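# Fold and geometry: a report
One-letter residues, chain by chain:
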Amino acid sequence: MAVYSVSQVLRYLNDILAQDPVVRDFWVHGEVANLTRPGSGHSYFSLRESTTALRCVMFRTQAFGAHLLSDGAAVIAHGRLSLYEARGDLQLIADIVKPEGLGEAQLKLEELKLKLEREGLFAESRKRALPSYPRRIAVVTSPTGAVWHDIQTIVARRYPLVELLLAPASVQGDSAAAEIVDAFQTIDDTSEVDAVIVARGGGSLEDLRAFNEEPVSRAIYASRVPVISAVGHETDVTIADLVADRRAPTPSAASEMAVPDRYELASRLVGWQQSLSAGIAARVQFRTDAVSHLGGRLRQGRPDIDSARLRIDDRLLSIARHLTRDVERRSERMRG
């Protein structure tokens, strides 16, 4: 007869739970009870249904929706079952909490967001800066929609030096996600593209479905150049927005974000020219003053040639007078 320790039994049960595909990735709904939040920032609570309860823990590093937790709140929680071996308690390790009543599509969307966030696709540290003066920008959008026309108009007005390349793709419907992925692949195969705008107008959650699908998110993440996502309006945030290097609330805003304003550039150039001219004038004046100062010092330090000549002449005259008198004395001695 085999006899096991308590820790062996609990560890065995934990291994079974970890290998069971049902309880390691599932959703459960219930009413929050006994909520506590110690100094660690983790959330400990129970999900109740009638007379039954399931212990739950939500660690602060994996707490999507933790702010929704309050005693009595009806929620849907995602996570995995585990045994806390120290007490032998069965518990749900939750990583997502949403209000009860959300549809299956929304729950799957939140689950995908959490998955991609854990993989680092949303990390700010990997987001790249947009080029200051792009030469070629690719645009992933429908060729027949108003979005493409608006982007062309705004870019031509602000910075006509840039070349726009259309990478056509449906932005709605069953084939949209695959077409968007193909468009990004085409762009990556095209040389000298400096940035990408992926854009469409606003719409319902269903209209924006392609921009919440995993293949599109990974295509944006894999782009070799920075991507601006302009999907929907200000209140519509898709997974594509979260993955992109920059998010614009509208396609028009994306156009303004992608290129500089030529009038601002002209004004900046005038300012630089004035500053440069003032700087050159100041340096020239400084050098002129320095030369004048040195000239004064040279004039002060050069010998007084005229005075020297006068002194020499005086000495020569004095010597001549002495010689004359000496000659006269000697002549007188010789005559006497």
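The present account deals with the structure reproduced in this document. (Residues numbered from 1 in each chain as written. Predicted model: local features only at pLDDT ≥ 70, side-chain atom pairs only at ≥ 80, totals over all residues. Heavy atoms only, no water.)

Let us look at the overall build of the chain. Of regular secondary structure, the chain possesses nine helices and 10 strands. Since a compact globule built from 336 residues should have a radius of gyration of about 20 Å, the 43 Å found for the chain marks it as more spread out than a globular shape. Projecting the C-alpha coordinates of the chain onto the three principal axes gives extents of approximately 165 × 65 × 40 Å. In the chain, which comprises 336 residues, the proportion classed as buried is 36%. (Helix = DSSP H or I, 4+ residues; strand = E, 2+ residues; numbered from the N terminus. Rg over C-alpha atoms; globule rule 2.2 N^0.38 Å. Buried < 20%, exposed > 50% of the residue type's maximum accessible area, 1.4 Å probe, protein only.)

Glancing now at the packing of helix α3 (residues 146-158) against helix α7 (residues 251-258). As a packed pair, α3 and α7 sit with axes 9 Å apart at the nearest point and diverge in direction by 30 degrees. If you check the angle between α3 and α7, you find them roughly parallel. Two packed elements cross with a definite hand, and for α3 against α7 that hand is right-handed. Within the contact between the two elements, α3 uses V147, D150, I151, I154, V155, R157 and R158 and α7 uses P251, S252, S255 and E256. (Axes fitted to C-alpha atoms, helices over the stretch in contact; angles between N-to-C directions. Parallel < 35°, antiparallel > 145°, perpendicular 65-115°, else oblique. Left-handed = near helix turned anticlockwise from the far one by under 90°. Contact = heavy atoms within 4.5 Å.)

Okay, a nonpolar patch on the surface next. On the surface, Y4, V9, Y12, L13 and I16 cluster together to form a nonpolar patch covering roughly 510 Å² of accessible area. Considering the arrangement of structural elements, one finds V9 in helix α1 (residues 6-19). (Patch = residues over 30% accessible without salt bridge, like charges linked within 9 Å, V, L, I, M, F, W, Y side chains within 5 Å. Areas by Shrake-Rupley, 256 points an atom, 1.4 Å probe, with all protein chains shown as cover. Salt bridge = Lys/Arg side-chain N within 4 Å of Asp/Glu carboxyl O.)

Let us now look at the nonpolar core. Among the nonpolar cores identified, the biggest contains 32 residues, and V140, I180, F184, V196, F211 and I220 are the most heavily contacted of them. Counting only elements with at least two residues in this core, the list comes to α2 (104-119), β6 (136-141), α4 (176-188), β8 (195-200), α5 (214-222), β9 (227-231) and α6 (239-243). Here the element with the most residues in this core is α4; it accounts for six residues. Once residues within four sequence positions are removed from consideration, V196 is found in contact with A138, V140, F184, I187, S223, V225, P226, V227 and I228. L69, A77, L81 and L83 belong to the second largest nonpolar core, which has 21 residues in total. (Core = buried A, V, L, I, M, F, W, Y, C linked by side-chain atoms within 4.5 Å.)

Let us look at α5. V216, S217, A219 and I220 are the residues of α5 that are buried. Looking down the long axis of α5, one finds its buried residues gathered within 160 degrees of arc, a one-sided arrangement. (Arc of directions from axis to C-beta.)

Quick look at the pattern of salt bridges now. Evaluation of the coordinates by the stated rule reveals 13 salt bridges. Between K113 and E110 there is a salt bridge, with the nearest N and O atoms lying 4.0 Å from each other. Highlighted residues: K113 and E110, both in helix α2, separated by three residues, approximately one helical turn. Taken individually, K113 and E110 each receive the classification buried, so the pair is uniform in this respect.

Our next topic: the pairing of strand β5 (residues 89-99). Within a regular beta strand, the side chains point alternately toward one face of the sheet and then the other, so they alternate between its two faces. The buried fraction of β5 amounts to nine of the 11 residues, a majority that puts the element mostly inside the structure. Direction of pairing for strand β3 (residues 52-58) relative to β5: parallel, over a ladder of three bridges. Paired with R55 across the two strands is Q91, which belongs to β5. The pairing of strand β4 (residues 74-84) with β5 spans 10 bridges and is classified as antiparallel. (Pairing = 2+ DSSP bridges.)

Despite not being glycine, N34 shows a phi value in the positive range, around 55 degrees. Considering the arrangement of structural elements, one finds N34 in strand β1 (residues 26-36).

Here the focus is the sheet that holds strand β7 (residues 163-168). Strand pairing within a sheet occurs via backbone hydrogen bonds; the two strands may be parallel or antiparallel. What the five strands build is an open sheet, ordered β7-β6-β8-β9-β10; its pairing is parallel. Strands at the two margins of the open sheet, each flanked by one partner only, are β7 and β10 (246-247). Here two bridges tie β9 to β10, and the two strands are oriented parallel to one another. Residue I228 lies in a different strand from β10, and its bridge partner there is R246. Across the sheet, α3 lies against β6, β7 and β8, angled at about 170 degrees from β7, the strand it touches most.

Once that is clear, we can look at the pairing of β3. Inspection of the sheet shows strand β2 (residues 43-49) paired to β3 by seven bridges, in the antiparallel sense. Bridge pairing in β3 places Y44 opposite V57. The antiparallel pairing of β2 with β3 creates a hairpin that spans two residues between the two strands, and S50 there sits at a positive phi of about 60 degrees.

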